[in-house]
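Results of the structural survey
Listed below, chain by chain, are the residues.
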Amino acid sequence: VVLLGHSPPRGLMNLPKRLLQLVHRALGGASKGKGSGAAVDEPPTHSRTDLAAADSLQLSHEDHKDARGRGAKDAAVVHGATGSSGAPVAPYADLVTPRSGCRVKATEKRAVSLPQLKRIYEVARRLCVEEKWTSTDPKREGQPLSPDDITLYDLMKHLGNKATEAEKVSLMEVVARAEQPPEWFVSHWWGECVKDFIACIEGHLRDRQLPAATTYYWICAYGNNQWELADAIPDAITETAFFKALSLPSVKGVVAIVDPRGVMFTRKWCVYEMFIALVSFSHLLFDAYTVREDDGKVVGLCDGLAAVDQVPRVEGGTFASFKAERESGFPEALVDAALAFDGSIAEASKEKDAETIDKEVHDKLGGYTALNHTVAASFSASRRNALMRKGDLMQLQPLLDRVKRSRLRKFNLVADREASRRPNAGDMARDVGSSIPDSVEEIRLEGAHPSVLDGVCERVARGGVRVLELTIVDLSGAR
């Protein structure tokens, strides 16, 4: 019944577990058997019809033993992670569940959820120990690899490529049951630890208060079919899976996962993804997350107010101050890296990719100049707030100059009453107000000296701020 894709009769749901197991075994053991011709001789395909029929059997997790043992092997046969003979590849059986496995033609719709990422990582951690994985890092080549240190390079070499080799599919198609259009696009470097990567996704879900099971992130390593990369990265950049994913109406924004050394700032594809989010596509949000090396804490910079910032607290305070407090722990070393960022000198594994991206970015909406200033302005908000509170105009001025020359869309300032009483508070506030960029859509001022309004009005009078394009103007905090 399942092989032919027909919906089973209602009574089939009540058949003994043993018979249901035989149905699953038939899917994997039919190769080169007798009976229904081509439908039996060919390895099982995993169409939506097959999945729907298999789902209608309503097998319990007990039947599948939670994707372990005999149940896991049967699930692997039905849903993926199978060998050339149709038999399950035992080491990878834990990747699948009773209802996972699919074929998704549109690469841009192969996003994954946090639970799916965790499932893959759990298998990777186990196999890393059992198979004695070694590092793919050229500096540590051949050295034993700890589960905590697994990078995407390691994961794809030791697990991803092997688990998908038989059927030449993406890793997403092994763990998902149908297409999953992304809500967020992840920009990152493959060399960061998968453990930290997942922690950042957890932090993003927490701050934005999104449901983990149904919020999907497009991540190239999991979404691209590594056996058909030419299809995902054609010559025309607008035809790449990256661009198509970013262009989907379901995508709200980009999440940059910044590794502790800031290597992502030097990778050309990451640069292009930031250009799309920060400069080219004005509707996209841009969030950045990292794991601090000193204490392992996840810290994120959110575009505008995150949902967690808008939860009232017993001790009082404003939403803008909650945001400033949450983001104040972002590593200073990464702020420095963002201030020194120059997208034009970033590199790609393939020189042709770098040339294509350079051609796409140059002379478009300010090109690399606009991007460099916008990256600097986006990552340095916490430092601007700190310098404002200290009254250090000398160090603040260069940062304000970067803001003014950027394409920043949300301008936030959080000072305090003490800062507004300093002798130079008026001059500092006026400089802050006059640094608001032309592209601004939201202005939020908190605890600023009233002179900040002079600077804002000056920018408006000179046509530097397009008043009709402002969506939020909160000046109530200027006092």
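Look up: the structure comes first, before these words.
Right, let's walk through the structure included here. Residues take numbers from 1 onward in each chain, read along the sequence in its written order. Whole-chain, interface and lining totals are the exception, using all residues; otherwise, since this is a predicted model, local features are given only for residues with pLDDT of at least 70 and side-chain atom pairs are given and counted only at 80 or more. No hydrogens and no water enter the side-chain calculation; it runs on all heavy atoms of the structure.

Quick look at the packing of aromatic side chains
Between 30 and 60 degrees the pair is tilted, below 30 it is stacked and above 60 it is edge-to-face, where a pair is any two Phe, Tyr or Trp rings, Trp via its six-membered ring, whose centres lie within 6.5 Å. A complete count under the given rule lists eleven aromatic pairs for this structure. Taken together, a centroid distance of 6.2 Å and an interplanar angle of 85 degrees make the contact between Trp269 and Tyr272 edge-to-face. You can see Trp269 and its partner Tyr272 sitting in helix H13 (residues 268-280), three residues apart, about one turn around the helix. Note on accessibility: Trp269 and Tyr272 belong to one class, buried. Taken together, the ring pairs in this structure connect Phe185, Trp218, Phe242, Trp269 and Tyr272 into an aromatic cluster. For a lysine, the NZ atom is tested; for an arginine, the CZ atom; a charge sits over a ring if that atom is within 6 Å of the ring centre and within 35 degrees of the ring normal. Over the aromatic face of Trp227 sits the side chain of Lys168, whose NZ or CZ is 4.9 Å from the ring centroid. Across the ring face of Phe322, the terminal group of Arg313 is positioned such that the distance to the ring centre comes to 3.9 Å. Segments assigned H or I by DSSP are reported as helices when at least four residues long, segments assigned E as strands when at least two residues long, and all are numbered from the N terminus. For each residue, the accessible area found with a 1.4 Å probe, counting protein chains only, is set against the maximum for its type, and the residue is called buried under 20%, exposed over 50%, and partly exposed in between.

A few points about helix H17 (residues 367-379)
The end-to-end C-alpha distance of H17 is 19 Å, a good match for the 18 Å that 13 residues give at a rise of 1.5 Å each. Counting buried positions along H17 gives twelve out of 13 residues, so the element sits mostly inside the fold. When we look at burial in H17, the residues that qualify are Gly367, Tyr368, Ala370, Leu371, Asn372, His373, Thr374, Val375, Ala376, Ala377, Ser378 and Phe379. By this rule the span expected of a helix is its residue count minus one, scaled by 1.5 Å.

Quick look at the nonpolar core
Counting 122 residues, the largest nonpolar core has Leu95, Leu155, Leu159, Tyr222, Leu371 and Phe379 as its most contacted members. At ten residues, H13 tops the list of elements feeding residues into this core. The contact definition used throughout considers only heavy atoms, calling two residues in contact when any of these lie within 4.5 Å. Those residues in contact with Leu159 that sit more than four places away from it in its chain are Tyr92, Leu95, Ile120, Val123, Ala124, Leu127, Trp133 and Asp154. Think of a nonpolar core as a cluster: buried Ala, Val, Leu, Ile, Met, Phe, Trp, Tyr and Cys residues, connected wherever their side-chain atoms sit within 4.5 Å.

A few points about the pairing of strand S1 (residues 184-188)
Of all five residues in S1, five are buried, a share of seventy percent or more. Following DSSP output, two strands are said to pair if at least two bridges run between them. Here S1 runs beside strand S2 (residues 217-218); their pairing, made up of two bridges, is parallel. Bridging from a neighbouring strand, Trp184 pairs with Tyr217 of S2. Since S1 and S2 lie parallel, the crossover through helix H9 (residues 194-208) that links them has a hand, and here it is right-handed. With five bridges joining them, S1 and strand S3 (residues 253-257) adopt parallel strand pairing. When the bridges of S3 are listed, His188 appears paired with Ile257. Crossover handedness is defined by viewing with both strands directed away from the observer: a clockwise path from the first strand over the helix to the second marks the crossover as right-handed.

Regarding the pairing of strand S5 (residues 298-301)
Both faces of S5 are covered, namely the face carrying Val298 and Gly300 and the face carrying Val299 and Leu301. Bridge analysis of strand S4 (residues 285-291) against S5 gives four bridges, and the strand direction is antiparallel. In the sheet register, Thr290 faces S5, and the bridge partner there is Val299. Connecting S4 to the next strand, S5, in antiparallel fashion are six residues, including Gly296 with a positive phi near 75 degrees.

Some points on the pattern of salt bridges
Salt bridges are defined by distance alone: a side-chain nitrogen of Lys or Arg within 4 Å of a carboxyl oxygen of Asp or Glu. Within the structure shown, the criterion is met by 26 salt bridges. Glu325 is the salt-bridge partner of Arg313, the closest N and O atoms lying 3.0 Å from each other. In this pair, Arg313 sits in the loop between S5 and helix H14 (319-327) while Glu325 sits in helix H14, placing the two residues twelve residues apart along the sequence. Glu442 is the salt-bridge partner of Arg444, the closest N and O atoms lying 3.8 Å from each other. By relative accessible area, Glu442 is classed as buried at 13%. Here the salt bridges share partners, and the residues they tie into one network are Arg206, Asp207, Asp309, Lys323, Arg326 and Glu327.

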